[in-house]
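# Tertiary structure, described
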Amino acid sequence: MPRQGLLSASGTVLSRRRAGEGGLRLTLLLKGQGLTWASAPGAERGRVRLGGGTEPFVWGVFGLYRGRSGGLYMNSVDVAKDMLFLRRRPEALRLAVSWSRLLTRLLMAGHPADDVLANLYWNMTLLAAPEVPVPAVHWRFLRRWLVLWGLAPDLTRCARCGARPERAAWTEEGLLCPDCAPDAARNHPAFTAGELALLLRVAESSVDALPRLFGSLEGRRPTEGREPFAVAARCAASLLEGGAR
């Protein structure tokens, strides 16, 4: 059992709910700690002065106390980034909520996931860029998570023959060209070579470069610049779910 006493860790609030007499139960993702649950007795009624530090998606340094039973209690928050812009962009807020649920479901409690935490932070800040479509940010977050876990398929070659296809279907085996799997596109999402190149470029671009990239895509047909991201994100989420089992 972890030792009793004080600890401090940076991270974010994934979710919160009411608990007991004006208290809160918080789901946190913390550096060096991973997925963590903490209580904040009296925080809902203002007895504990945590300000907006218990709001979902707030980033900061959290002061915690571990009791004799091993439970964690929050006693302070030094807010670094409040992410208030999410409240002004409903589509982005809905996506942040879906990320919170996915992280809570797939991460192992008490095991550090600092690389996933960093991936979450940078992609959440990217949601503030109006030039970048929200589905593209979703794809970027999931693709980079797949890479971190060693689950990302090669988007440039057929998984069987190694050819660079003009069109490929995303299957459980990986991307398959029509020669290797003629009927795969009937039952799986298919992407053109141009779409796959764009997916890879977005996933590998920096946070600073993406707004410029999408600015250069203005005026193109939506199927070339935007729609493939939602489809690819669903494929990536399915891979993550399968890899976590």
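Provided above is the structure to which this section pertains.
All figures in this text were calculated on a predicted structure; none of them were measured in a lab.

Before going further, it helps to examine the overall build of the protein. Within the protein one finds eight helices and eight strands. Principal axes of the C-alpha set define a box for the protein whose edges measure 65 × 40 × 25 Å. Within the span of the protein, comprising 245 residues, buried residues form 45% of the whole. Within the protein, contacts between residues at least 6 apart in sequence are counted, and of these 59% link residues at least 24 apart. As displayed, the protein has an accessible area near 12700 Å², and 50% of this comes from carbon and sulfur atoms. A gap of 8 Å separates the mean positions of the 33 positive and 22 negative side-chain charges of the protein.

So, on to the packing of helix H3 (residues 134–148) against helix H5 (residues 193–204). Taken N-terminus to C-terminus, the directions of H3 and H5 make an angle of 75°; their axes are 9 Å apart at the nearest point. Relative to H5, H3 is oriented roughly perpendicular. On the side of H3, the interface is formed by Ala136, Trp139, Arg140, Arg143 and Arg144, while H5 contributes Leu199, Leu200, Val202, Ala203 and Glu204. In the contact of H3 with H5, the residues fall into six nonpolar, no polar and four charged.

Most of strand E3 (residues 34–40) sits inside the fold, with six of its seven residues counted as buried. Joining the antiparallel neighbours strand E2 (residues 23–30) and E3 is a turn of three residues, in which Gly32 adopts a positive phi near 80°.

A negative phi angle is the norm for most residues apart from glycine, just as the trans form is the norm for most peptide bonds. Phi angles above zero are rare outside glycine, and Phe57 is one such case at about 80°. Tracing the backbone shows Phe57 in the loop between E3 and strand E4 (59–66). The backbone of Met83 shows a phi angle near 55°, a positive value even though the residue is not glycine. Tracing the sequence through the fold places Met83 in the loop between strand E5 (72–81) and helix H1 (90–106).

It is worth spelling out the packing of H1 against H3 at this point. At their nearest, the axes of H1 and H3 sit 10 Å apart, and the two run at 20° to each other. Relative to H3, the element H1 is oriented roughly parallel. Considering the relative orientation of H1 and H3, their crossing is right-handed. For the pair formed by H1 and H3, the contact residues are Glu91, Ala92, Leu95, Trp99, Leu102, Leu103 and Leu106 on the first element and Val134, Pro135, Val137, His138, Phe141, Leu142 and Trp145 on the second. For the contact of H1 with H3, the class distribution of residues is 12 nonpolar, one polar and one charged.

Our focus in this paragraph is the sheet that holds strand E6 (residues 167–171). To summarise the sheet geometry, strands pair through backbone hydrogen bonds and adopt either a parallel or an antiparallel arrangement. With respect to topology, three strands assemble into an open sheet ordered E7-E6-E8, the strand pairing being antiparallel. The open sheet is flanked by strand E7 (174–176) and strand E8 (190–192), the only strands paired with a single partner. Between one strand axis and the next, the sheet turns through 35° on average, direction left out of account. Bridging between E6 and E7 involves three bridges; their strand directions are antiparallel. The residue bridging Trp170 from the neighbouring strand is Leu175, located in E7. Packed on one face of the sheet, H5 meets E6, E7 and E8 and runs near 90° to E8.

Before going further, it helps to spend a moment on the environment of Arg89. Summarising the element assignment, Arg89 is placed in the loop between E5 and H1. Along the chain, Arg89 and Arg186 lie 97 residues apart, while their C-alpha atoms are 36 Å from each other.

Within this structure, the stated rule accounts for eight aromatic pairs. Ring centres 5.0 Å apart and planes at 75° place the aromatic pair Trp59 and Tyr121 in the edge-to-face group. Of this pair, Trp59 sits in strand E4 while Tyr121 sits in helix H2 (residues 114–126), placing them 62 residues apart in sequence. Residue classification places Trp59 among the buried positions, given a relative accessible area of 7%.

Rules used throughout
Residues numbered from 1 in each chain as written. Predicted model: local features only at pLDDT ≥ 70, side-chain atom pairs only at ≥ 80, totals over all residues. Heavy atoms only, no water. Helix = DSSP H or I, 4+ residues; strand = E, 2+ residues; numbered from the N terminus. Buried < 20%, exposed > 50% of the residue type's maximum accessible area, 1.4 Å probe, protein only. Contact = heavy atoms within 4.5 Å. Areas by Shrake-Rupley, 256 points an atom, 1.4 Å probe, with all protein chains shown as cover. Lys, Arg positive; Asp, Glu negative; His and termini not counted. Charge placed at Lys NZ, Arg CZ, Asp CG, Glu CD. Axes fitted to C-alpha atoms, helices over the stretch in contact; angles between N-to-C directions. Parallel < 35°, antiparallel > 145°, perpendicular 65-115°, else oblique. Nonpolar A, V, L, I, M, F, W, Y, C, P; charged D, E, K, R; others polar. Pairing = 2+ DSSP bridges. Left-handed = near helix turned anticlockwise from the far one by under 90°. Phe/Tyr/Trp six-rings, centres within 6.5 Å; stacked < 30°, edge-to-face > 60°.

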